[in-house]
Number of protein chains: 2
Amino acid sequence: MALAQAPAPLSPAEKEEAAKIYFDRCAGCHGVLRKGATGPALDPKKMAEKGVEYLKAVIFGGLPGGMPDWGRQGILKEKDIELVARFLLEQPPAPPVPTFEEIKKTWKVHVPPEKRPTKPLHNRNWQNFFGQVLRDTGQVAIIDGDKKELVSIVPTGFATHILRSSATGRYFMAIGRDGKASLIDLWMNPPQVVAESKPCLDARSIESSKFKGYEDKYAVVGCYWPPTMVVLDGLTLEPLKMVSTISYAKGAGELVMEARVAAIVASHFNPEWIVNLKESGQTWLVDYSNLHKKGRPLPITMIDTNLFLHDGGWALKRYFIVAANALNKLIVIDTKTREFAAEVEAGVRPHPGRGSNWEHPTYGPVWATGNIGSPEVTVVGVDPEKHPQYAWKVVKRITLPYTGNLFIKTHPNSPWVIVDFPMSPSPQAAASLCAIDKRKLEVAKCWEVPGAQELKARMVHPEFNKGGTEIWVSAWGSKDTPTFIVVYDALTLKEKARITGDWVRTPTGKFNVYNTAYDI
Amino acid sequence: MALAQAPAPLSPAEKEEAAKIYFDRCAGCHGVLRKGATGPALDPKKMAEKGVEYLKAVIFGGLPGGMPDWGRQGILKEKDIELVARFLLEQPPAPPVPTFEEIKKTWKVHVPPEKRPTKPLHNRNWQNFFGQVLRDTGQVAIIDGDKKELVSIVPTGFATHILRSSATGRYFMAIGRDGKASLIDLWMNPPQVVAESKPCLDARSIESSKFKGYEDKYAVVGCYWPPTMVVLDGLTLEPLKMVSTISYAKGAGELVMEARVAAIVASHFNPEWIVNLKESGQTWLVDYSNLHKKGRPLPITMIDTNLFLHDGGWALKRYFIVAANALNKLIVIDTKTREFAAEVEAGVRPHPGRGSNWEHPTYGPVWATGNIGSPEVTVVGVDPEKHPQYAWKVVKRITLPYTGNLFIKTHPNSPWVIVDFPMSPSPQAAASLCAIDKRKLEVAKCWEVPGAQELKARMVHPEFNKGGTEIWVSAWGSKDTPTFIVVYDALTLKEKARITGDWVRTPTGKFNVYNTAYDI
Ligand code: DHE
Ligand code: DHE
């Protein structure tokens with residue numbers, strides 16, 4: 001490669017703007033401190049070797065490994081790309097770490113708990129509501145799952161990422177990429193945000209306390225920046241306690257300054273959360289049952305599991321299975337014995353979302369994950385008590401027609417496991433879905449969703465309704481053009497309905513109240 | 001003040017040398033990152049306002065608040081003082097953080113456990129041995145307490161700080177200010193270092209696992225830099241697991257990058273250590289009973305107590321009382337219920353060392369601490385069960401003739417509580433000791449130790465022998481001149497013996513095997 005000429009250093013104003021773009025668009029994968037995780041590390045010296053022109057080309061057009069084509073998609077303008085490319089040649093600025101006092105100021109209770117209804121103020125079947133993330137509008141749409149009609153749209157954080165249900169299902173908690181947490185009361189008419197706070201600058205996960213006696217009492221936010229876990233009051237989102245996740249890799253490695261919090265789930269066996277630290281490869285069991293005492297004691301059991309923990313889901317509501325994605329592994333935590341139970345080889349870059357559970361005639365209870373980088377659904381035996389010969393073994397690697405899968409979902413009442421392909425480089429594949437036969441463990445049917453490609457939309461995140469009779473999937477397009485949510489019959493796989501409207505913009509994850517609250 | 005002229009910036013070589021002097025001499029109180037703790041913060045901008053000449057004067061001559069007179073004592077030469085003064089005007093360099101791999105390389109087993117004796121190889125009464133820190137020679141002297149003769153001298157870390165006994169008393173563990181931990185086997189003939197490792201660059205505390213079933217199984221080192229707690233194998237000092245103590249102040253404040261580990265003690269009620277974080281004001285209960293399992297689970301209960309935790313000791317072997325020194329407070333942890341029990345107002349800058357326990361006819365069980373900054377011994381009722389009216393109340397503030405007390409010690413078989421004054425600015429006071437009447441709660445007698453002033457020695461750290469019949473106190477002089485350890489009769493307070501020799505140089509803390517192992 002030709003020796004790149006050094007570009008002019010950024011002015012302070014340019015640097016600030018570049019840092020903001022980087023923070024919003026790049027830090028998620030490459031890290032604020034650029035040490036890498038989902039994406040590679042971006043060392044200033046190495047970047048300088050590549051040169052500004054090369055960097056600009058990559059930021060514009062993407063790379064096959066998963067780097068998005070920010071320029072081609074029109075998300076970053078030429079000027080932005082130039083700024084970011086030059087920014088990458090300079091040392092990363094130390095990003096701010098808010099103090100507790102500062103995050104406390106972001107806390108707002110719009111409707112205090114005592115003013116909230118004691119029963120639903122509408123006659124809708126709220127347990128079958130769907131919370132649909134409208135990613136780039138920073139909103140969540142509440143949709144009546146029975147009637148398939150919009151109930152309300154509520155404002156949430158920037159590039160809202162996921163929703164979780166409170167233990168009772170009454171509340172949705174949303175987390176924005178900007179770290180804003182919003183509490184949505186589904187009993188109000190219409191549902192609305194009753195409390196919010198912004199415990200950090202960059203977050204991906206939120207969870208409530210689900211153990212008996214602690215329903216809806218606490219919430220927790222997992223932050224990317226600062227690398228921190230923040231405990232909140234479950235009914236008001238008041239920040240209560242902050243724990244830094246700066247930690248040594250696997251308890252016996254380098255000090256990882258940017259050890260970000262990935263998946264968090266609430267245990268059913270103990271009053272605790274399972275909190276996964278990405279870059280330092282630790283799984284923390286965080287016991288929330290003593291927080292009312294003097295000094296807010298918070299017992300955290302630090303288990304060294306493996307690096308690059310990302311997302312995960314329940315098997316038998318007892319084993320939490322989390323992807324160590326860059327290692328192509330699955331980590332199994334037994335939340336009853338509170339132990340690191342096993343490690344399983346997945347495909348390339350496993351991405352379970354919440355994964356899928358079903359009972360197989362031969363293998364007994366199984367759990368499955370998709371993989372972003374290989375066309376495979378990995379099916380794992382999960383019952384060491386009654387089917388020990390299959391437990392924590394891959395019982396089947398089901399071949400898919402495409403790579404680029406992100407989510408996989410099933411329901412006890414459906415014979416199918418549904419998979420999407422939003423990360424596929426092929427627009428046709430990204431517009432397609434497949435159904436896997438749960439008994440035969442093979443793909444039974446794949447189809448392209450009509451109308452998706454025309455809208456430049458990728459089909460993403462299947463979710464079942466409460467009864468398990470329907471599958472909902474979102475058409476993820478650009479913010480400028482409304483798309484749709486398609487509803488399939490969960491037996492026949494026939495299209496049953498399409499939810500449309502001017503408001504249906506960048507729909508991504510959607511969460512059925514009942515299934516999310518009860519970890520179906 | 002006249003406007004100070006900016007001095008020339010340090011050359012890289014000068015900076016390195018200045019950083020080393022600062023690290024060895026100043027960081028203990030002012031922090032590596034200069035955020036302050038025992039001493040004030042040293043902000044480069046404020047230092048520049050004061051000017052180099054002023055700083056040189058202070059480093060040379062000390063300050064009444066506790067800043068030592070490094071120049072006058074001859075510890076720092078004029079050139080060193082000049083370097084450090086200029087160093088303080090510049091931004092603190094980021095000190096290195098060793099990786100686990102690096103610290104693992106410092107681990108040496110000189111005599112493996114299976115080659116160690118199964119019973120003592122000498123006929124001495126090893127339970128009455130004293131381990132005497134020879135601070136500035138980086139050694140520990142093992143002294144036969146019955147015969148008052150030197151048994152052996154073993155090499156330990158730089159500016160060795162304290163010793164702790166293993167649960168059985170067989171091993172002494174020493175910790176150097178350079179972070180080096182040494183395991184001394186008292187059953188060898190002569191006693192010698194059988195294992196060592198250097199889990200950090202700067203440390204003050206070390207402790208063993210004392211709970212039934214875990215005797216001598218694990219050890220823990222509390223580091224100042226990097227701010228980290230390291231768990232070691234108890235018999236080999238092999239580093240097993242590192243936990244960063246970077247944390248938010250009291251769980252609800254600023255992120256404290258230099259949250260140093262102060263006192264650590266082993267609980268008698270649970271398989272855990274009580275670990276105190278100085279700048280972030282947290283007390284951690286660290287459960288070592290699961291470390292043998294996959295992923296080395298380490299449950300840490302994080303309790304928000306108060307800032308500036310430093311040293312502390314047991315009351316009734318159940319309550320751990322630790323000084324929040326800059327706040328003039330004592331923090332009480334109930335290690336049975338594992339709760340933050342109380343906060344008590346002490347004198348100015350309480351410094352309990354391990355504190356003193358006795359039974360008072362009116363107040364029942366009491367515990368006492370001295371205070372560096374006020375001439376007071378603070379006596380606190382410690383029995384909420386049988387004497388609730390006095391529990392966690394100051395039952396008496398005993399007036400001393402001098403300030404500058406550091407340590408206070410008693411024994412069930414002695415009617416006296418002995419206090420020293422090494423931090424007193426008066427050489428005569430620093431050479432003196434006082435005895436407090438445990439029943440009357442007043443000073444019964446004070447005396448100057450003959451010969452101490454002549455040696456420019458400060459009398460420091462009273463310690464009882466196993467039977468409680470003798471009190472040993474060290475004459476802390478300079479490295480160039482041998483001093484002595486004086487032994488008093490614990491009833492009559494008459495001088496009984498003096499231990500001398502060319503090897504008696506800078507004796508500071510001393511630890512009786514039995515009393516240290518059993519927390520007498
Ligand atoms: C840690 C993590 C979880 C698990 C949360 C939990 O269980 O507590 C998760 C789950 C999720 C879930 C929850 C799945 C479920 O069924 O529960 C969804 C829908 C989701 C939609 C997306 N995620 Fe997610 N996601 C990240 C992180 C995570 N995503 C990223 O770091 C990443 C790769 C890049 C980024 O900067 O955010 C990223 C990009 C995306 C998207 O682009 C997706 C597809 C669309 C969107 O709206 O952002 N992520
Ligand atoms: C955190 C801490 C403890 C509690 C350890 C535990 O219980 O696990 C402690 C205990 C101690 C104990 C244990 C007392 C006991 O009876 O158990 C002793 C003897 C001691 C002798 C000294 N200490 Fe100590 N000491 C510090 C820290 C501490 N000292 C400092 O930060 C400080 C102020 C400055 C520094 O840079 O080290 C400091 C200076 C000293 C001394 O100068 C002393 C007097 C002499 C020496 O040899 O260093 N410290």
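The coordinates are above.
Everything numeric in this text was worked out from a predicted model, so none of it was measured.

(A) Structural detail: the overall build of chain A. Per the secondary structure count, chain A includes 7 helices and 35 strands. Relative to its length of 520 residues, chain A is compact, with a C-alpha radius of gyration of 22 Å against a globular reference of 24 Å. Overall size of chain A, expressed as C-alpha extent along the three principal axes, is 65 × 55 × 50 Å. Going through the 520 residues of chain A one by one, you find that 62% of them count as buried. Taken as a whole, chain A presents about 19,400 Å² of accessible surface, with 54% of it coming from carbon and sulfur.

(B) Seen up close, the sheet that holds strand β11 (residues 228-233) of chain B. All names here are of chain B. The strand order across the open sheet formed by 4 strands is β9-β10-β11-β12, and the pairing between neighbours is antiparallel. Lying at the two open borders of the sheet, with one neighbouring strand each, are β9 (202-208) and β12 (239-244). The sheet shows a mean angle of 20° between the axes of neighbouring strands, direction not considered. As paired strands, strand β10 (residues 218-225) and β11 are joined by 5 bridges and run antiparallel to one another.

(C) Region of the structure containing the relation of the copies chain A and chain B. Least-squares fitting of chain A to chain B yields an RMSD of 0.1 Å, with the superposition described by an axial translation of 0.0 Å and a rotation of 180°. As the rotation angle and translation indicate, the two copies are arranged about a two-fold axis. Judged by C-alpha distance, Ile300(A) is the residue of chain A that lies nearest the rotation axis, at 2.5 Å. The share of interface residues of chain A whose copies in chain B are also at the interface is 100%, consistent with both copies meeting through the same surface.

(D) Up close: the coordination of the iron atom of ligand 2. Among all protein atoms, only His161(B) (NE2) binds the iron atom of ligand 2, sitting 2.1 Å from it. The residue His161(B) is located in the loop between β4 (149-155) and β5 (162-165) in this model.

(E) Main features of the nonpolar core. Core analysis: the largest hydrophobic core is formed by 82 residues, its most contacted members being Val221(A) and Val221(B). Those residues within four positions of Val221(A) in sequence are excluded, and the remaining contacts are Ile175(A), Ala181(A), Pro199(A), Cys200(A), Ala203(A), Ser205(A), Ile206(A), Thr228(A), Met229(A), Val230(A), Leu232(A) and Ile264(A).

Cut-offs applied
Residues numbered from 1 in each chain as written. Chains lettered and ligands numbered in written order. Predicted model: local features only at pLDDT ≥ 70, side-chain atom pairs only at ≥ 80, totals over all residues. Heavy atoms only, no water. Helix = DSSP H or I, 4+ residues; strand = E, 2+ residues; numbered from the N terminus. Rg over C-alpha atoms; globule rule 2.2 N^0.38 Å. Buried < 20%, exposed > 50% of the residue type's maximum accessible area, 1.4 Å probe, protein only. Areas by Shrake-Rupley, 256 points an atom, 1.4 Å probe, with all protein chains shown as cover. Pairing = 2+ DSSP bridges. Axes fitted to C-alpha atoms, helices over the stretch in contact; angles between N-to-C directions. Least-squares fit on C-alpha atoms with pLDDT ≥ 70 in both. Contact = heavy atoms within 4.5 Å. Donors = N, O, S within 2.8 Å, 3.2 Å for Na, K, Ca; no water. Core = buried A, V, L, I, M, F, W, Y, C linked by side-chain atoms within 4.5 Å.

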